[in-house]
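Residue-level listing of the chains:
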Amino acid sequence: MAKKVYLTTAIPYVNAAPHIGFALEAVMSDCYVRYQRLLGNDVYFSSGADENSLKNVQAAEAEGISTKELVDRNAKLFEDLKPALNLTWDVFNRTSDARHIKGAQKLWSLCKKEDIYKKNYKGLYCVGCEAFYTPLEIKDGKCPDGHTNIDKVEEENYFFKLSNYQEFLRELIKKDSLKIIPQTRKKEVLAFIEGGLEDFSISRSVERARGWGVPVPGDDSQVMYVWFDALVTYLTALGFAREEKLFGKFWTTNPNRIHVIGKGIIRFHAVYWIAMLASAGVPLPTLEFVHGYITIEGQKISKTLGNVIDPFEMVKKYGSEVIRYYLLREIPSWGDGDFSEKRLVEIYNGELANGLGNLVARVARLCQEVSLKLPKKGKYVFLKEVSANLDKFRFDHAAFAIWEEVSRLDKLINDEKPWEKDGKALKSVITPIASAIREIAYNLSPFMPETSERIMQQFNGEIKSEKPLFPRL
Ligand SMILES: [Zn+2]
């Protein structure tokens, strides 16, 4: 029976144009949902933009434009990643949208009264992280992430009683009722919870927010802390607080509620968000996949180093298929990885041009010699190694399994030497190899959908030699 699957990417701040780190998350998510759809499952896929942060307000001030202008312009760039990288999300949910705002307010109102209280608060606020730090965590005016825009804040805020949920969260994660992949991240969250949870601020004054943000229900002097409202995107993307048909189908009654996030925001997703939902009596996500960070040619991505990689430029240069393949195959899915153009060209020439491309061309030529026709095939299946790895979001290992199959066929051809044969003998050697190429194309579909489609077309009916899939660089 078809399973239901709801998968979300995190929603990036739109204070700047998208970088390769978000492209990684989007491509991983897309690969997973394409795989689920091929399995025949009923999938809903959401992405979006986090627009209510102070970062956006400050970026707009620096440019001398309104915050609304800035978020409209930049959110568009993130939406443009969809065609550029051949992504298939069903909805791109923006948190400055009136419909989202209504949903965030609804979730706030649903939280148990005893979980939200007001208190006077003094702290050091990093706008870069949109988080509070203790004086000990700020060294030489810098937060642990290296940001320098630290504000001293003293005001009355609403707080969420996270301490009420410590035991609940610990049990939930320990027992995998909320499954966290990979295991190292699960351990990290458990250690954080066991270290003791402190209540966190969930609002700020309208003045400090410069009037930008989601008003707290029943209190005109406060807007929601950006994380409180942003996380609700996962519900409002499905119509929470308005048309609730999709929400009922893919959230309330669906056992596969999946968030894909980067390692830097795991506390927000595996601790704060879960407690908020539990307090509101809304079902919790069931799985969180946590990917790592990308360095550029071995160095941390940084505006000052000027090494920010523009995914649009990369796609223009190499095409979306190649960028998708590089991100899924070269970046370790369960850890950190590096983006290097030199390495990209190496992989392109080695695995795509000489590997897959060459195999397909060789086999097509031999098939053409004997006018081989492959009958249409109805049902394909994923290789065991491929599906076992895709099931656990291990895209790199799944890709290796496909390339092992490419190598196996290469070796088979070299052993059988079909070019020394002709007629019937050639046909009988080449037929199973041509069929196996179609299987490879099917397995490749979540990774490189266009390449997969081209090979499928070429190997249906009478097989003809065509121009190379990947001309050497
Ligand atoms: Zn910071």
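Going by the structure above, here's the rest.
Residues numbered from 1 in each chain as written. Predicted model: local features only at pLDDT ≥ 70, side-chain atom pairs only at ≥ 80, totals over all residues. Heavy atoms only, no water.

**A few points about the sheet that holds strand β13 (residues 287-291)**
For step 1, the next point in the chain: Spatial strand order, β3-β2-β1-β12-β13-β7: 6 strands in an open sheet with parallel pairing. A single partner strand is all that each edge strand has here, and the edge strands are β3 (91-94) and β7 (179-181). The mean angle between the axes of side-by-side strands here comes to 20°, regardless of whether they run parallel or antiparallel.
For step 2, the next point in the chain: In the sheet, strand β12 (residues 257-262) pairs with β13 via 5 bridges, with the strands oriented parallel. By the bridge assignment, Ile258 is partnered in β13 with Leu287. (Pairing = 2+ DSSP bridges. Helix = DSSP H or I, 4+ residues; strand = E, 2+ residues; numbered from the N terminus. Axes fitted to C-alpha atoms, helices over the stretch in contact; angles between N-to-C directions.)

**Concerning the sheet that holds strand β14 (residues 294-296)**
For step 1, the next point in the chain: Reading across from one edge, β15-β14-β16 is the order of the 3 strands in this open sheet, with mixed pairing throughout. The sheet is open, and its two borders are formed by β15 (299-300) and β16 (337-339), each paired with just one other strand.
For step 2, the next point in the chain: With 3 bridges joining them, β14 and β16 adopt parallel strand pairing. Residue Ile294 lies in a different strand from β16, and its bridge partner there is Gly337.

**Looking at the packing of helix α17 (residues 423-444) against helix α18 (residues 449-458)**
For step 1, the next point in the chain: Closest axis-to-axis distance for the α17/α18 pair is 8 Å, and the angle between their directions is 155°. One finds that α17 runs roughly antiparallel with respect to α18. Handedness of the α17/α18 crossing: left-handed. Only Thr451, Ser452, Ile455 and Met456 of α18 make contact with α17, whose side of the interface consists of Ile437, Arg438, Ala441, Tyr442 and Leu444.
For step 2, the next point in the chain: Taken together, the residues of the contact of α17 with α18 break down into 6 nonpolar, 2 polar and 1 charged. (Parallel < 35°, antiparallel > 145°, perpendicular 65-115°, else oblique. Left-handed = near helix turned anticlockwise from the far one by under 90°. Contact = heavy atoms within 4.5 Å. Nonpolar A, V, L, I, M, F, W, Y, C, P; charged D, E, K, R; others polar.)

**A look at the pairing of strand β2 (residues 42-49)**
For step 1, the next point in the chain: Most of β2 is tucked away: 7 of the 8 residues are buried.
For step 2, the next point in the chain: Sheet topology places strand β1 (residues 4-9) next to β2; 5 bridges connect them, and they run parallel. From the neighbouring strand, Leu7 faces β2, where its bridge partner is Phe45.
For step 3, the next point in the chain: As for the winding sense of the linkage, the β-α-β connection from β1 through helix α1 (residues 20-38) to β2 is right-handed.
For step 4, the next point in the chain: Bridge count for β2 against β3 is 4 bridges, and the pairing is parallel. (Buried < 20%, exposed > 50% of the residue type's maximum accessible area, 1.4 Å probe, protein only. Right-handed = clockwise from strand over helix to strand, strands pointing away.)

**Section: the nonpolar core**
For step 1, the next point in the chain: With 94 residues, the main nonpolar core has Leu327, Phe339, Val363, Phe393, Phe395 and Phe447 as its most contacted residues.
For step 2, the next point in the chain: Here this core gets 12 residues from one element, more than from any other, and that element is helix α14 (residues 341-369).
For step 3, the next point in the chain: Not counting residues within four places of it along the chain, the set of residues in contact with Val363 comprises Ile413, Ile430, Ile433, Ala434, Ile437 and Phe459.
For step 4, the next point in the chain: Counting 70 residues, the second largest nonpolar core, distinct from the first, contains Leu107, Leu197, Leu235 and Leu284. (Core = buried A, V, L, I, M, F, W, Y, C linked by side-chain atoms within 4.5 Å.)

**A word on the packing of aromatic side chains**
For step 1, the next point in the chain: In the structure shown here, the tally under the stated rule is 31 aromatic pairs.
For step 2, the next point in the chain: With a centroid separation of 4.8 Å and an interplanar angle of 75°, the aromatic rings of Tyr121 and Phe132 are classed as edge-to-face. A residue pair is termed long-range when its members are at least 10 positions apart, and Tyr121 in strand β4 (residues 116-126) and Phe132 in strand β5 (residues 131-133) qualify at 11 residues.
For step 3, the next point in the chain: Phe132 gets classed as partly exposed once you look at its relative accessible area, which sits at 22%.
For step 4, the next point in the chain: Here the aromatic residues Tyr32, Tyr35, Phe289, Tyr380, Phe382, Phe393, Phe395 and Tyr442 are joined through ring pairs into a cluster of three or more.
For step 5, the next point in the chain: One cation-aromatic arrangement involves Lys106 over Phe240; the distance from NZ or CZ to the ring centre is 4.9 Å. (Phe/Tyr/Trp six-rings, centres within 6.5 Å; stacked < 30°, edge-to-face > 60°. Lys NZ or Arg CZ within 6 Å of the ring centre and 35° of its normal.)

**Regarding the side chain of Asn443**
For step 1, the next point in the chain: Positionally, Asn443 belongs in helix α17.
For step 2, the next point in the chain: By relative accessible area, which is 1% here, Asn443 ends up buried.
For step 3, the next point in the chain: Residue contacts for Asn443: discarding those within four places in its chain leaves Val381, Phe382, Leu383, Val386 and Ile402.

**Digging into the coordination of the zinc ion**
For step 1, the next point in the chain: At this site the zinc ion is bound by Cys126 (SG), Cys129 (SG), Cys143 (SG) and His147 (ND1), with donor distances of 2.1 to 2.3 Å.
For step 2, the next point in the chain: A relative accessible area of 16% places Cys129 in the buried class. (Donors = N, O, S within 2.8 Å, 3.2 Å for Na, K, Ca; no water.)

**Some thoughts on the environment of Pro332**
For step 1, the next point in the chain: Residue placement: Pro332 occurs in the loop between α13 (320-330) and β16.
For step 2, the next point in the chain: On the basis of relative accessible area, Pro332 is assigned to the partly exposed category, the value being 31%.
For step 3, the next point in the chain: Taking C-alpha positions, Pro332 is 8.6 Å from His291, a pair spaced 41 residues apart along the chain.
For step 4, the next point in the chain: Filtering out sequence-adjacent residues up to four positions away, Pro332 remains in contact with Gly337 and Asp396.

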